[in-house]
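Each chain, written out:
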Amino acid sequence: MDPDAHSGWPTDLQGVWTNATLTPFERPVELAQKATLTEQRWRRSKRRQAKTVWTARPNRATLAVTIRPWFDSGTAWLSNRQSSLVVDPPNGKVPVKASAEAQRDYDLAHIADSYEHQTTWERCITRGVPAGMFPAGYNNAYQILQTPGYVVILSEMIHEARVIPVDGRPHLPQSVRQWNGDSRGHWEGITLVVDTTNYNGKGMIATSGATARIRGIHESEALHVVERFKRVDANTVSYEVTVDDPNMYSAPWKASLLLTKNANYLIYEYACHEGNYAMEGILRAGRANEKSAAAAK
């Protein structure tokens, strides 16, 4: 397949795509080894979510109100009825090493001590690769552009533009390390395969709360990511990613999701730093606690 012959379907990935879904990142315990939902259960969950997702509920612990309409995390599970985004291992659970979980837990316990314990998304650096492709609570849109020799993926969240060469050039030297690694793409039939190496080890594999247990797990310089984009019909792209980082996981793992074309979606600027009041508030609270503790001595 000519990598530049993208002007016609099915190698044309261009357009605005969304990946909002209620399918959990990891397999729920109650679904155990069930890789897919039954048709009946999928339809039942879809009806239930449609009734509950647009509600406002007070949180008794904080007296806060969670305004569900403010979110845009979808109203149904994936149409292929996957029971989790993680599809390998077969149990739908990421094989995280205990040491990696301990590092994540330490960061969570010290987020008021320093910005360095926050995720790279909260620090407005990057959502990450592949983290930026995982669904979040809102801004789940991507614009894909194709030019001779390149594929560009513009993410709505943090408005990052990821430029991926597909002209056969080799990876950068191992001495060159980047937050989101060094991506190189090629076509295998009608599938765009993107190989990413050369990470600097400062990022995180997942940064959205939607990834639950995996949010905040660190990356190492050994991280190797392989993504596959395949247009399965006029309005759907299958996205699959394999993650291999022997310093963080006991084995490679794979996640899969669907991108849905939405010609009416408007991507707006995501002004991350300008609206990052939570970071300032958390750090102010940390300094206030330190002053109180010092005064009590």
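See the structure above.
Read on for a plain summary of the structure.

Each value, and the rule that gives it
- Going along each chain's sequence as written, the residues are numbered from 1 onward.
- Reporting of local features is limited, given that this is a predicted model, to residues whose pLDDT is at least 70; pairs of side-chain atoms are given and counted only at 80 or more, and all residues count toward the totals for whole chains, interfaces and linings.
- To get the side-chain values, all heavy atoms of the structure are used, and hydrogens and water are removed first.
- Secondary structure elements are defined from DSSP: runs of H or I of at least 4 residues count as helices, runs of E of at least 2 residues count as strands, and each element is numbered from the N terminus.
- When accessible area is computed with a 1.4 Å probe and restricted to protein chains, residues below 20% of their type maximum are described as buried, those above 50% as exposed, and intermediate ones as partly exposed.
- Whether two residues are in contact is decided by their heavy atoms, any of which lying within 4.5 Å being enough.
- Residue-level accessible areas treat just the shown protein chains as cover; the underlying method is Shrake-Rupley with a 1.4 Å probe.
- Two cysteine sulfurs form what is called a disulfide whenever their separation falls within 2.5 Å.
- How far a helix is expected to stretch is found by multiplying one less than its residue total by 1.5 Å.
- Comment: arc refers to directions from the helix axis out to C-beta atoms.
- Two rings from Phe, Tyr or Trp (for Trp, the six-membered ring) form a pair when their centres are within 6.5 Å of each other. A pair whose planes differ by under 30 degrees is stacked, one over 60 is edge-to-face, and the rest are tilted.

### Side note on the overall build of the protein
Then, in step 1: Within the protein, the regular secondary structure consists of three helices and twelve strands.
Then, in step 2: Counting only residues that meet the buried cut, the protein has 44% of its 297 residues in that class.
Then, in step 3: Sequence separation of at least 24 residues holds for 64% of the intrachain contacts in the protein that already meet a minimum separation of 6.
Then, in step 4: When the accessible surface of the protein is summed, it comes to about 15100 Å², and 55% of that surface belongs to carbon and sulfur atoms.

### Examining the state of the cysteines
Here, the word disulfide means a covalent bond between the sulfur atoms of two cysteines.
Then, in step 1: Following the criterion strictly, the structure yields one disulfide and no others.
Then, in step 2: With a sulfur-sulfur separation of 2.0 Å, Cys 124 is cross-linked through a disulfide to Cys 272. Handedness of the Cys 124-Cys 272 disulfide follows from its S-S torsion of about -80 degrees: it is left-handed. Taken as a pair, Cys 124 in the loop between helix H2 (98-109) and strand E5 (141-147) and Cys 272 in the loop between strand E12 (253-261) and helix H3 (277-296) lie far apart in primary sequence, 148 residues in all.
Then, in step 3: For Cys 124, a relative accessible area of 9% corresponds to the buried category.
Then, in step 4: Looking at Cys 272, the relative accessible area reads 11%, which means it is buried.

### Regarding H2
Then, in step 1: In this model, H2 (twelve residues) spans 16 Å end to end at C-alpha, consistent with the 16 Å of a helix rising 1.5 Å per residue.
Then, in step 2: Inspection of H2 places Ala 100, Arg 104 and Asp 107 among the buried residues, and these make up the whole buried set. Down the axis of H2, the buried set is contained in an arc of 60 degrees. They therefore lie on one face. Every exposed residue of H2 that faces more than 90 degrees away from the buried side is listed here: Ala 98, Ser 99 and Ala 109.

### Focus on the packing of aromatic side chains
Then, in step 1: Taken as a whole, this structure holds four aromatic pairs when the rule is applied.
Then, in step 2: Pairing Phe 25 with Trp 253 gives two aromatic rings, centres 6.1 Å apart and planes at 80 degrees, and the pair type is edge-to-face. Here Phe 25 is found in the loop between strand E1 (15-18) and helix H1 (39-52), whereas its partner Trp 253 is found in strand E12, with 228 residues between them in sequence. As far as the burial class goes, Phe 25 and Trp 253 line up, both buried.

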